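Working through the structure, step by step
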Amino acid sequence: MSAVAAVDVGSNSVRLLVLAGDGTRLRRDIVTTRLAAGVDATGRLDDAAIDRTVTALAAFRTTWEGLGVATGPGRVRVVATSAVRDAADRDRFLAPAAAALGVPVDVIDGTEEAALAFAGAALAVPTVPPVAVVDVGGGSTELVLGPADGGGRPVAAVSLQLGCVRLTERALGGDPPRDDEVAAARAVVADVLDDGLARLAADASTAAVPPVGTLVGVAGTATTLAALHLGLASYEEDRIHGAVVPAAALSALADRLVGMRTADRAALGPVQPGRAEVLHGGALVLAAVVARLGVDRLVVSEADSLDAVARGLLG
């Protein structure tokens, strides 16, 4: 089977994964474009954010074609999540993106996004069932619950209007944020989580979310916090994948990051370009999820929804 390429158009970054026909990874790239900038407040996409994102996608096409991927349906799939599905004017992005990519962009709903996150992560790291997966993105956070017997299909999922970009824009305007801003952000997180966990329990047909054996964290907030917990001088994927972050350490990291200036967060070795501006918002969300689910640790996976999309192309 020939090589395939999967692209995730997220709220904070766009990502590319190219796999050979046997599933071997050929390339994984990430570019921060912050497509969600301003969407929470205006409901519309920013012109500069559209331009940044389309430029990054055009470069991705050059990359995958250079690796032997034939551009077209069945060999390439591009999915877009919160920023695009929430924007009233998303066609202003979808048309130029499709022209640059040579394939259409699939705007997936929160349910599919959650299922892809679970499929990509649940089997990628050692776990004890039931497994839950948390994916803190730029505009949304997906929570997915697996079955008690450790099967590979989720039994419940919910997508929350809560992400690192959305929370930072909504409540954390100071640099560093003021105490009242941090308190307001924590209140927003608590309110959204209250509703989200109730919906997750209802989807699982239970009175409350059952105890979780392992909570797996995916996406940039979780992987960056794992790198900081490990004390890495730079971003090292092999060491981050499968890392265990105790709940207490995660809470302390969130408190530390929210008290820092953006420039100081950016100077931390493993923090990749474009993440320092919103990392503290994501950390507050992730720490709150861990605390509310009552788990004592977070297992971090580099494999996530993008891996699931790529494997889907391989059948």
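Above this text you will find the structure in question.
Here we summarise the structure given alongside this text. Here the structure is a predicted model, which is why all the values come from computation and not from measurement. Per chain, residues are indexed from 1 in the order of the written sequence. Residues qualify for local features only when their pLDDT is at least 70, as the model is predicted, and side-chain atom pairs are given and counted only at 80 or more; totals for whole chains, interfaces and linings, by contrast, use all residues. To get the side-chain values, take all heavy atoms of the structure and skip hydrogens and water.

The salt bridge criterion pairs a side-chain nitrogen of Lys or Arg with a carboxyl oxygen of Asp or Glu, the two atoms within 4 Å. Counting across every chain of the model gives 23 salt bridges. Note that aspartate 29 and arginine 27 form a salt bridge whose closest N and O atoms lie 3.0 Å from each other. Judged by relative accessible area, which is 37%, arginine 27 ranks as partly exposed. Put simply, Asp8, Arg15, Arg28, Asp304 and Asp307 are held in one network by salt bridges that share partners. Relative accessible area decides the class of each residue, using a 1.4 Å probe on protein chains only: under 20% of the type maximum gives buried, over 50% gives exposed, and in between gives partly exposed.

What follows is about the layout of surface pockets. The computed volume of the largest pocket comes to approximately 260 Å³. Helix numbers and strand numbers start at the N terminus; a helix is a DSSP run of H or I with at least 4 residues, a strand a run of E with at least 2. Among the elements of the structure, β3 (25-32) and α8 (219-230) are those that each provide at least two residues to the lining of the largest pocket. Per-element tally for the lining of the largest pocket: the top contributor is α8, with four residues. Put simply, Ala, Val, Leu, Ile, Met, Phe, Trp, Tyr, Cys and Pro go in the nonpolar bin, Asp, Glu, Lys and Arg in the charged bin, and everything else, Gly too, in the polar bin. Of the residues assigned to the lining of the largest pocket, the class counts are three nonpolar, four polar and seven charged. For each structure, a 1 Å grid was placed over the protein atoms alone; sets of points admitting a 1.4 Å probe that cannot get out are labelled cavities, open sets with protein on both sides within 12 Å along at least five of seven lines are labelled pockets, and lining residues have an atom within 4 Å of a point. Grid points are joined across faces, edges and corners, and a volume is the space filled by probe spheres set on the points. There is about 170 Å³ of room inside the second largest pocket. Within the residue set of the lining of the second largest pocket, elements represented by two or more residues are α7 (179-203), α10 (247-258) and α12 (279-293). For the lining of the second largest pocket, the class distribution of residues is nine nonpolar, one polar and two charged.

Think of it this way: DSSP has to see at least two bridges between two strands before they count as a pair. Read across the open sheet, the five strands follow the order β3-β2-β1-β4-β5; overall the sheet is mixed. Lying at the two open borders of the sheet, with one neighbouring strand each, are β3 and β5 (105-107). Here the strands of the sheet are splayed against their neighbours by 15° on average, with no regard to which way each runs. Pairing of strand β2 (residues 13-19) with β3, which is carried by seven bridges, proceeds in the antiparallel orientation. Paired with arginine 15 across the bridge in β3 is isoleucine 30. Its contacts with the sheet place helix α2 (residues 47-66) against β1 (4-9), β2, β3 and β4 (76-80), and it is angled at close to 10° to β2. Where helices are involved, their axes are fitted lines through C-alpha atoms of the stretch in contact, as for all axes, and angles between N-to-C directions lie from 0 to 180°. The contact criterion used is simple: two residues touch if any of their non-hydrogen atoms lie within 4.5 Å.

Residues of helix α4 (residues 91-101) that are buried: Phe93, Leu94, Ala97, Ala100 and Leu101. Buried residues in α4, looked at end-on, bunch into an arc of 135°, giving them a common side. Turned more than 90 degrees from where α4 packs its buried face, Asp91, Ala95 and Ala99 sit exposed. If you follow the buried residues of α4, they end up packed against β1, α2, β4, α3 (82-86) and β5. Backbone geometry just downstream of α4 places glycine 102 in the positive-phi region, at approximately 85°. Of all possible arcs, the one meant is that of the directions from the helix axis to the C-beta atoms.

This brings us to the pairing of β1. Two faces, one strand: in a regular strand the side chains alternate between the faces of the sheet. When you tally the buried positions in β1, you get six out of six residues, the bulk of the element. The side-chain alternation of β1 yields two buried faces, one formed by Val4, Ala6 and Asp8 and the other by Ala5, Val7 and Val9. Bridge count between β1 and β2: six bridges; the pairing is antiparallel. Across the sheet, valine 9 pairs through a bridge with valine 14, a residue of β2. Connecting β1 to the antiparallel partner β2 that follows it, the hairpin turn spans three residues. With five bridges connecting them, β1 and β4 associate as parallel partners. Of the residues in β4, the one forming a bridge with alanine 6 is arginine 77.

None of the figures reported here should be taken as evidence of function without further support.
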